[in-house]
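# Coordinates in review
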Amino acid sequence: MTQPDPVTARIIKERRPIIRFLYLLIAPISGWKGLKNARYSPDYYARSVFYPLLALMAAACFAQRFHVPGSTTSSLLQQAVSEFVACFAGYFAVPVLARLLLPRNARIKADSPFGKVYIMSALSALSLAVTLYSLFPNLGALLMVAPIYVSYIIVKGVRFLRVPAEDTLPTSVVMVVLIVGIPVLIYMLLKFMMPEASANIM
């Protein structure tokens, strides 16, 4: 069998994480199994999936110039920064709080290499929903359904963290609250601190 040239092999390797992530959205259990078996390092997965999707989410904010009358470049830039930082900071905040709130036997799992991929995958799913909403605002119901579906994906992935059976339910609840809730809280805080947001409150 002919082996692909180095450039083609590199392209295939770089595409694989994003393909596995998209498959996760369609079939959560099989998708988590594939990500678990792939053994991606957190840094590689972040470069291949997480960071590009966050950048896409931030860039998609500027599409609102065509949908929202009166929107300005500065307000959209604030929106883009708030969304990016909310998910980016959320990735680092979730493991910290998870170590405090998770059952003792589950804490080390959340901070493992796969645990970090697990968190990034869930946050990436949220960012993708926000991106689609920015591009297609008529899909407003998407933002209502997305947290529910992402929560479903999170719960289905807990089994692959290999936590003890008695810790599965509390781990699921804590991870859903942290992964979905922390980015929302960071986003709301940033919007409150932004100049235009403060001006609107005055």
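Note that the structure is a prediction, hence the values are computed from the model and not measured. (Residues numbered from 1 in each chain as written. Predicted model: local features only at pLDDT ≥ 70, side-chain atom pairs only at ≥ 80, totals over all residues. Heavy atoms only, no water.)

## A closer look at the packing of aromatic side chains
- A full pass over the atoms with the stated rule returns 11 aromatic pairs.
- Relative to Phe-92, the ring of Phe-88 has its centre 5.2 Å away and its plane inclined at 65°; by these criteria the two rings are edge-to-face. Here the residue Phe-88 and the residue Phe-92 both occupy positions in helix H4 (residues 73-101), the gap between them amounting to 4 residues, near one helical turn.
- Look at Phe-92 and you get partly exposed, because its relative accessible area is 43%. (Phe/Tyr/Trp six-rings, centres within 6.5 Å; stacked < 30°, edge-to-face > 60°. Helix = DSSP H or I, 4+ residues; strand = E, 2+ residues; numbered from the N terminus. Buried < 20%, exposed > 50% of the residue type's maximum accessible area, 1.4 Å probe, protein only.)

## As for the packing of H4 against helix H6 (residues 113-135)
- The contact between H4 and H6 brings their axes to 10 Å, and the two run at 160°. By the angle between their axes, H4 is roughly antiparallel relative to H6. Classified by chirality, the crossing of H6 by H4 is right-handed. Taking contact as the criterion, the partners of Glu-83, Cys-87, Gly-90, Tyr-91, Val-94 and Pro-95 in H4 are, on H6, Lys-116, Ile-119, Met-120, Leu-123, Ser-127 and Val-130. (Axes fitted to C-alpha atoms, helices over the stretch in contact; angles between N-to-C directions. Parallel < 35°, antiparallel > 145°, perpendicular 65-115°, else oblique. Left-handed = near helix turned anticlockwise from the far one by under 90°. Contact = heavy atoms within 4.5 Å.)

## Comments concerning the packing of helix H2 (residues 28-38) against H6
- Look at H2 against H6: their axes get within 10 Å of each other, and the N-to-C directions meet at 140°. Regarding the angle of H2 to H6, the classification is oblique. Judged by the sense of rotation from one axis to the other, the crossing of H2 with H6 is right-handed. Listed contacts from H6 to Trp-32, Leu-35 and Lys-36 of H2 are Phe-114, Tyr-118 and Ser-121.

## A few points about the nonpolar core
- Grouped together as the largest cluster of nonpolar side chains are 44 residues, with contacts concentrated most on Tyr-118, Ile-154, Met-175 and Ile-179.
- Only helix H1 (6-26), H2, helix H3 (42-60), H4, helix H5 (104-110), H6, helix H7 (141-158) and helix H8 (168-193) provide two or more residues apiece to this core.
- The biggest single contributor to this core is H6, with 10 residues.
- Sequence-distant contacts of Ile-179, defined by excluding residues within four places in its chain, comprise Val-94, Tyr-118, Ile-119, Ala-122, Leu-123, Leu-126 and Ile-154. (Core = buried A, V, L, I, M, F, W, Y, C linked by side-chain atoms within 4.5 Å.)

## Some words on the pattern of salt bridges
- According to the stated counting rule, one finds 1 salt bridge in the structure shown.
- With a shortest N-O distance of 3.1 Å, Asp-111 and Arg-99 are connected by a salt bridge. In this pair, Asp-111 is assigned in the loop between H5 and H6 and Arg-99 in helix H4, connecting sequence segments 12 residues apart.
- Classification of Arg-99 by relative accessible area gives partly exposed; the value is 36%. (Salt bridge = Lys/Arg side-chain N within 4 Å of Asp/Glu carboxyl O.)

## Digging into the side chain of Ser-124
- Turning to its location among the elements, Ser-124 is positioned in helix H6.
- Excluding its chain neighbours within four sequence positions, the residues that come into contact with Ser-124 are Phe-21, Val-49, Phe-50 and Leu-53.

By themselves, these observations are geometric and do not establish any function.
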